[in-house]
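# A structural walkthrough
Each chain is listed here by its residues.
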Amino acid sequence: MYGLVNQAIRGLVESRFGEQPWQQIRVKAGLENDVFLSMESYDDAITYNLVGAASEILELAPEEVLHAFGQYWVLEVAKKNYAELMKAAGSTIPEFLANLDQLHSRVLAIFPELQPPSFRTVLIEPGKIRLYYYSEREGLEPFVLGLVAGLGVFLKLPVAVRLEASKGGGRSHAEFLVTYSEKAMDEASANEPRSTC
Ligand code: HEM
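Since the structure is predicted, the reported quantities are computational estimates derived from the model, not experimental observations.

## Details of the domain arrangement of the protein chain
- Segmentation of the protein chain into domains returns domain 1 (3–60) and domain 2 (70–190).
- Taking only C-alpha atoms into account, the centre of domain 1 sits 23 Å from that of domain 2.
- Contact residues are listed per partner, giving 12 residues for domain 1 and 10 residues for domain 2.
- Summing the contributions of domain 1 and of domain 2, the shared interface buries around 880 Å²; its carbon and sulfur component is 67%.
- Together, Leu4, Met39 and Tyr48 form the three largest contributors to the area buried by domain 1 at its contact with domain 2, with a combined 47%.
- Between the two partners, domain 1 and domain 2, sit one salt bridge.

Next up, the structure:
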């Protein structure tokens, strides 16, 4: 994956846990230094090793690391550095999810060796979407869970996402159930009964 991704893992670890755990993770992952060129494509093994090392050093399950990384990617990396792309992808959960392939096609113009994921959405009923996730990579379902959760925070819209089937065992893709509301969180909480005291 592009150096940008490994750099973001470093950003997540340093901001939440500090410089020392990051150095321990880097050494455990077998990296001699922590220079990642954001525009250079690195072997996927480096990213997976960083997640594995982070899981051991931080005593978190790899799924928890990936989930946290998904949220961090949307709320810290994408929101701050790719605001225009994020804005163009939509303002509701179904619209944004349906535009993910288009978003990555635009990213491809910046990162020509990108091996992007692909998503397909099917509306089950208002407020419920089945999200199909296709990737050449393995084991990134918890990352998608974190990304979608981050998207809810980014759009200020309530969202819940559940993994229904992982890729593998003959299945070419993973499936998620996404439950959402088109009403903003502020509005939703404004309508909640207030406690009086
Ligand atoms: C402007 C915002 C975004 C940018 C710039 C971006 C860019 C990237 C980049 C550089 C990679 C690494 C792939 C590679 O190097 O070959 C990647 C992977 C990925 N992206 Fe995005 N992305 C963005 C938003 C999103 C969002 C909002 C989602 C989902 C909700 C998403 C889902 C994924 C997934 C699941 C992967 C892992 C690769 C795989 O599954 O094979 N991305 N993206």
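## Notes on the packing of helix α2 (residues 19–28) against helix α3 (residues 44–58)
- Their axes nearest at 8 Å, the elements α2 and α3 cross at an angle of 130 degrees. Regarding the angle of α2 to α3, the classification is oblique. In this structure, the crossing between α2 and α3 has a hand that is right-handed. Listed contacts from α3 to Pro21, Trp22, Gln24, Ile25 and Lys28 of α2 are Leu50, Ala53, Ala54, Glu56, Ile57 and Leu58.
- Grouping the constituent residues of the contact of α2 with α3 by class yields eight nonpolar, one polar and two charged.

## Notes on the environment of lysine 87
- Residue position: lysine 87 is located in helix α5 (residues 83–88).
- Residue lysine 87 is classed as exposed on the basis of its relative accessible area, which comes to 65%.
- Considering only alpha carbons, one finds lysine 87 and leucine 155, 68 residues apart in sequence, at a separation of 9.6 Å.

## Regarding the sheet that holds strand β4 (residues 173–180)
- Spatial ordering of the open sheet is given by β1-β2-β4-β3, a layout of four strands whose pairing is antiparallel. This sheet does not close on itself; its edge strands, each paired only once, are β1 (118–125) and β3 (159–165). When the angles between neighbouring strand axes are averaged without regard to direction, this sheet yields 25 degrees.
- In this fold helix α8 (residues 141–155) packs onto β1, β2 (128–134), β3 and β4, with an angle of close to 160 degrees to the strand it touches most, β3.

Rules used in this analysis
- Residues numbered from 1 in each chain as written.
- Predicted model: local features only at pLDDT ≥ 70, side-chain atom pairs only at ≥ 80, totals over all residues.
- Heavy atoms only, no water.
- Domains from an automatic or database assignment.
- Contact = heavy atoms within 4.5 Å.
- Buried area = accessible area lost by both parts, 1.4 Å probe.
- Salt bridge = Lys/Arg side-chain N within 4 Å of Asp/Glu carboxyl O.
- Axes fitted to C-alpha atoms, helices over the stretch in contact; angles between N-to-C directions.
- Helix = DSSP H or I, 4+ residues; strand = E, 2+ residues; numbered from the N terminus.
- Parallel < 35°, antiparallel > 145°, perpendicular 65-115°, else oblique.
- Left-handed = near helix turned anticlockwise from the far one by under 90°.
- Nonpolar A, V, L, I, M, F, W, Y, C, P; charged D, E, K, R; others polar.
- Buried < 20%, exposed > 50% of the residue type's maximum accessible area, 1.4 Å probe, protein only.
- Pairing = 2+ DSSP bridges.

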